[in-house]
Each structure stands twice: as C-alpha cells, then as structure tokens.
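So the chains spell out like this:
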Amino acid sequence: MTAQDPFASFKAVQKEAWSLFTPMEVFTTPTAAKLVGFAGVAAGQRLLDVGCGTGVVAITAARRGAKVRGLDLSPVLIERAREHAQLVNLDVDFVDGDAESLPYGDNEFDVVLSQFGHMFAPRPDVAIGEMLRVLKPGGTIAFSTWPPHLYVGRMFAMIGRHLPPPEGVASPVLWGDPKIVAERLAGKAKDLSFEMDMMTPSALSPQHFRRTMESTIGPLIKLVAQYKDEPDKLKSFRAEFEALISEYFDAGHNVTAPAVPDDEGKEGVRRREVRIPHSFRSFTRLTQARTSVSTAGSTALTSSTVMPGLMRGS
C-alpha cells in the first residue's frame, strides 16, 4: 500500500477491524480443508494464500507438502498464523501485505488460493489482476466467497445500509455471484464450474451468535463502535440483525447452486447442484466455483466458494 493508494484510509480501518477475527478460525478451519481439496493442492507446489488471516488454508496446504506463502492486511492475524506454523514445525512464509499490491514476482506460484479474503479488496479488478499476475502458466486459482442472497451476503448488505462503504469500494459478496465471477474472468478463464456446500457453526441462540459476530467481523465491529453513543440506533440494528439470524437458526433449508450465465456453453461453465439435508440448521451456504483460467497464455483453475450453516445449541 502506497501513499498514492486512493483507498489507503479505508484499508487502514479494515486492518484494525479485522484484527479481532481470530476466534472465527474454529469455523473456517473445516472450510479451509474443502478449499485445498477443491483446488487439488499437491506436494511440491508453490502456493500463495491471499488474505490468509490466521493461516488455516496455508497450514492445511503446507501439511499436504506444498511450499506455502501467506499474506494478509492484518499483522495481528499474521502473527497468529506464524504461531500455528511453528506449532507443527512448518516452514510457511507469512507476511502482512495488500492483496491489491502483492509483493511477489510474475508467474511465481503454481497455486493461488483465497478463503473469504481477496473479496474484501476494494477493487476486484486490481485484486484478481494481481492474483493472476503471480500465477504460473497452467497454474490454479481457487477462492471461497459467500452468495449475495444467503445469510452472509444479506448481513453485509444490511451493514452497508447502516454504514455505506466509501465511493468506489465494491461489495465483497459480489464474488459469490457465479455470473459476476464469470464476467470478471471473461477472456481470462475457461472451464468454469461452481459447487455449493455449507458451514455449520454452533450457537446457543441468535443473540449469542449476534454477539460473536459483533466481536469478530470487521465491518460489524466498526458499525457497533459508530453506534456506541446512539443507543436507539444500536438497539434497532441489533433487532434487525437478530431477525436475520433467526431465519436461518430456526429453520432448515435446501440449497440449490446459484444460476450461472445463460451462455454457459460459450463460457465453459459447468454447474453441479448440492442438496443440503433438512437436518442442518442452515445459517450460511458455501458455493464453490471452479474455472480453468488462461491469462496471457497461462491456465488457472478458479474456485469460488460460498459457505455457512448454523446449528442450534442443545
């Protein structure tokens, strides 16, 4: 991040807010294994984890034998990731840095992954351009995101109504829309496919889960702080938030993969539907989009993943 970055102030706020995300790693660790498996990570590959957070994807890939580097905007989360690597004696190079300005050379990695990370970069074209730049010809790019129409997407839309982002900042959940993913990779990707899965964190009640989210999710932390001296607004927001959570906490759902572009044959898009059993208390869904990408002669595999699920406490 340089002094000329028009979003420097926005990123500084993000860096501070997301520093409290660590407790959520208990939920993101299982999905990390799914993403690593989805990308087909193999021993000996050079791999970059963009927006690595506490390193759950990077550590999982390193345990498969990949040579891993991880980058995140938050130095606090990077330190946690280093602790994880040291605990199991893994040599993973973690650094704090910006997804829009990756400190790596062209064509350096066989695999580039991102689990709920690159989606928060303010400029999607810049972030994906950087991820593709550092990817080798024939490499794989895979990422996990959330769909706009399910819990997490609706949560971020709700936050945006109370706390609008700066002008020019794209909504992170657009990365969970298969059509938009295909458009952003148009001319750069082929053989795109999507899959859907579900994350199932546990909670005693919607109120308990709301409190957990407010203390760990960057934009929510910022919003609650903004309403600290406006108790009526904070009370109204929390009632709205708990109502949203309750929709998923109290009822099971079947999930069908989001629609893909109409010209899927031309785009090379493949779709697989995954049915979520009614026995789950669905809180958020996971969608995986996979694509064979070619950029300036390079080929890559892109996986867009959208996940969640909330299970009721017994």
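Residues numbered from 1 in each chain as written. Predicted model: local features only at pLDDT ≥ 70, side-chain atom pairs only at ≥ 80, totals over all residues. Heavy atoms only, no water.

(A) Representation of the overall build of the protein within the structure. Regarding its fold elements, the protein presents 11 helices and 12 strands. Relative to its full complement of 314 residues, the protein shows a buried share of 54%. When contacts within the protein are restricted to residue pairs at least 6 apart in sequence, long-range pairs at least 24 apart make up 76% of them. (Helix = DSSP H or I, 4+ residues; strand = E, 2+ residues; numbered from the N terminus. Buried < 20%, exposed > 50% of the residue type's maximum accessible area, 1.4 Å probe, protein only. Contact = heavy atoms within 4.5 Å.)

(B) Highlighting unusual backbone geometry. Positive phi outside glycine occurs at Asn-89, with the angle close to 55 degrees. Examined against the element boundaries, Asn-89 turns out to sit in the loop between helix 4 (75-87) and strand 3 (93-96). Residue Asn-89 is classed as exposed on the basis of its relative accessible area, which comes to 71%.

(C) Spatial organisation of the nonpolar core. Val-112, Tyr-151, Met-155, Phe-156, Met-213, Ile-217 and Phe-241 are the most contacted members of the largest nonpolar core, which totals 55 residues. If you look at the next biggest cluster of nonpolar residues, it comprises 23 residues, including Val-36, Val-56, Ala-81 and Ala-142. (Core = buried A, V, L, I, M, F, W, Y, C linked by side-chain atoms within 4.5 Å.)

(D) Just the pattern of salt bridges, in detail. The tally for this structure, following the rule as stated, stands at 20 salt bridges. Between Arg-123 and Glu-100 there is a salt bridge whose closest N-O contact spans 2.6 Å. Residue Arg-123 is located in the loop between strand 4 (109-115) and helix 5 (124-133), and its partner Glu-100 is located in the loop between strand 3 and strand 4; the two are separated by 23 residues in the primary sequence. For Glu-100, a relative accessible area of 7% puts it in the buried group. Each of Asp-5, Lys-11, Asp-98, Glu-100 and Arg-123 takes part in one network of salt bridges that share partners. (Salt bridge = Lys/Arg side-chain N within 4 Å of Asp/Glu carboxyl O.)

(E) Quick look at the packing of aromatic side chains. All told, the structure shown has nine aromatic pairs when counted by the stated rule. Here Trp-18 and Phe-120 contribute two aromatic rings whose centre-to-centre distance is 4.9 Å and whose plane-to-plane angle is 55 degrees, an arrangement assigned as tilted. Of the two residues, Trp-18 is situated in the loop between helix 1 (8-17) and helix 2 (25-38) and Phe-120 in the loop between strand 4 and helix 5; the sequence distance between them amounts to 102 residues. Of the residues examined, Phe-120 reaches a relative accessible area of 15% and is grouped as buried. On the numbers, 5.8 Å between centres and 70 degrees between planes, the contact of Tyr-151 with Tyr-248 is edge-to-face. With Tyr-151 in helix 6 (residues 151-162) and Tyr-248 in helix 10 (residues 231-249), this pair connects stretches of sequence that are 97 residues apart. Overall, the relative accessible area of 4% leaves Tyr-248 in the buried class. Above the ring of Trp-175, the side-chain terminus of Arg-184 is found at 4.6 Å from the ring centroid. (Phe/Tyr/Trp six-rings, centres within 6.5 Å; stacked < 30°, edge-to-face > 60°. Lys NZ or Arg CZ within 6 Å of the ring centre and 35° of its normal.)

(F) Region of interest: the confidence of the model for the protein. Confidence along the protein averages 81 in pLDDT terms, with 78% of residues attaining 70 or more. Taken together, the stretch residues 253-314 has pLDDT below 50 and engages in 273 contacts with residues farther than four places along the chain or on a different chain. (pLDDT = per-residue confidence, 0-100.)

(G) Fine view of the packing of helix 2 against helix 3 (residues 56-63). Look at helix 2 against helix 3: their axes get within 8 Å of each other, and the N-to-C directions meet at 45 degrees. Considered as vectors, helix 2 and helix 3 are oriented oblique to each other. Between helix 2 and helix 3 the crossing geometry is right-handed. On helix 3, the residues touching Glu-25, Thr-28, Thr-29, Ala-32, Ala-33, Leu-35 and Val-36 of helix 2 are Val-56, Val-57, Thr-60 and Ala-61. A per-class count over the contact of helix 2 with helix 3 returns seven nonpolar, three polar and one charged. (Axes fitted to C-alpha atoms, helices over the stretch in contact; angles between N-to-C directions. Parallel < 35°, antiparallel > 145°, perpendicular 65-115°, else oblique. Left-handed = near helix turned anticlockwise from the far one by under 90°. Nonpolar A, V, L, I, M, F, W, Y, C, P; charged D, E, K, R; others polar.)

(H) Summary view of the side chain of Ser-19. Examined against the element boundaries, Ser-19 turns out to sit in the loop between helix 1 and helix 2. Reaching out from Ser-19, the side chain makes a polar contact with the backbone oxygen of Glu-16 at a distance of 2.6 Å. Dropping the residues within four chain positions of it, Ser-19 is found in contact with Ser-74, Val-76 and Leu-77. (Polar contact = N/O pair within 3.5 Å; in protein donor to acceptor, adjacent residues only side chain to side chain.)

(I) Seen up close, helix 8 (residues 206-214). Within helix 8, burial applies to Pro-206, Phe-209, Arg-210, Met-213 and Glu-214. Taken around the axis of helix 8, the buried residues stretch over an arc of 135 degrees, which confines them to a single face. Elements that come into contact with the buried residues of helix 8 comprise helix 6, strand 7 (202-203), helix 9 (218-226) and helix 10. (Arc of directions from axis to C-beta.)

(J) Local environment of the environment of Ala-127. Structurally, the position occupied by Ala-127 is in helix 5. Considered as a pair, Ala-127 and Ser-101 are 26 residues apart in the sequence and their alpha carbons are 7.7 Å apart. Among residues more than four places away in sequence, those in contact with Ala-127 are Ala-99, Glu-100, His-118 and Ala-121.

(K) Quick peek at the environment of Arg-82. By the secondary structure assignment, Arg-82 is in helix 4. A sequence separation of 13 residues divides Arg-82 from Val-95, and the C-alpha atoms of the two residues are 9.2 Å apart.

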